[in-house]
Amino acid sequence: MECNQRKNMTKCNCTYPCNKKGICCECIAYHRSLGELPACYFPKDAERTYDRSIEYFIKIYNER
Ligand code: SF4
């Protein structure tokens, strides 16, 4: 199966310099191993904090 990196890049909102952009399988595996979620779970302002923790995700969604 071909990698869909180029197609996935059109939906990637991550602003952190990283070589996993568009390689969603590696991206989610990396963040999951740290107890985190990838950038695409976070709205623009929250994404730019680079806090990918599940606690932060719950916090911002409870506040909005
Ligand atoms: S969400 Fe994390 S792993 Fe995915 S591209 Fe951004 S910094 Fe890299």
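Everything that follows concerns the structure shown earlier in this document.
What comes next concerns the included structure. This one's a predicted model, so the numbers in the text were calculated from it and none came from an experiment.

1. So, the site of the ligand
Link 1 in the chain: Taken together, Cys14, Tyr16, Cys18, Lys20, Lys21, Cys27, His31 and Ala39 are the residues near the ligand.
Link 2 in the chain: When atoms are counted within 2 Å of each cavity's grid points, the one that captures over half of the ligand is the largest pocket.
Link 3 in the chain: Split by residue class, the shell around the ligand holds five nonpolar, one polar and two charged.

2. Focus on the pattern of salt bridges
Link 1 in the chain: Scanning all chains against the criterion turns up three salt bridges.
Link 2 in the chain: Put simply, aspartate 45 and arginine 64 hold a salt bridge, and the shortest N to O gap is 3.1 Å. Of the two residues, aspartate 45 sits in helix α3 (residues 44–47) while arginine 64 sits in the segment after α4 (54–63), which places them 19 residues apart along the sequence.
Link 3 in the chain: The exposure class of arginine 64 is exposed, given its relative accessible area of 57%.
Link 4 in the chain: The closest approach of N and O atoms between glutamate 63 and lysine 59, which form a salt bridge, is 3.2 Å. One end of the pair is glutamate 63 and the other is lysine 59, both in helix α4 and four residues apart, which spans about a single turn.

Reading the values: rules and limits
- Residue numbers here run from 1 along each chain, matching the order of that chain's written sequence.
- Per-residue local features of the predicted model are confined to residues with pLDDT of at least 70, and side-chain atom pairs are confined, for both listing and counting, to 80 or more; whole-chain, interface and lining totals are unaffected and use all residues.
- To obtain the side-chain values, all non-hydrogen atoms of the structure were used and water was disregarded.
- Working definition: residue near molecule or strand if any one of its non-hydrogen atoms lies within 4 Å of it.
- Within this scheme a cavity is a closed region of a 1 Å grid, computed over the protein atoms alone, that accommodates a 1.4 Å probe without allowing it to escape, whereas a pocket is open but has protein on both sides within 12 Å along at least five of seven lines; lining residues each have an atom within 4 Å of a point.
- Cavities and pockets are treated as containing a molecule whenever more than half of the molecule's atoms lie within 2 Å of their grid points.
- In this classification, the charged set is Asp, Glu, Lys and Arg, the nonpolar set is Ala, Val, Leu, Ile, Met, Phe, Trp, Tyr, Cys and Pro, and all remaining amino acids, among them Gly, are polar.
- Salt bridge, as used here, is a side-chain nitrogen of Lys or Arg placed within 4 Å of a carboxyl oxygen of Asp or Glu.
- For the purposes of this entry, the term helix denotes a DSSP run of H or I that reaches at least four residues, the term strand denotes a run of E that reaches at least two, and both are numbered from the N terminus.
- Three exposure classes are used, based on accessible area relative to the maximum for each residue type with a 1.4 Å probe and protein chains only: buried under 20%, partly exposed in between, and exposed over 50%.

Read these as spatial facts, not as claims about activity.
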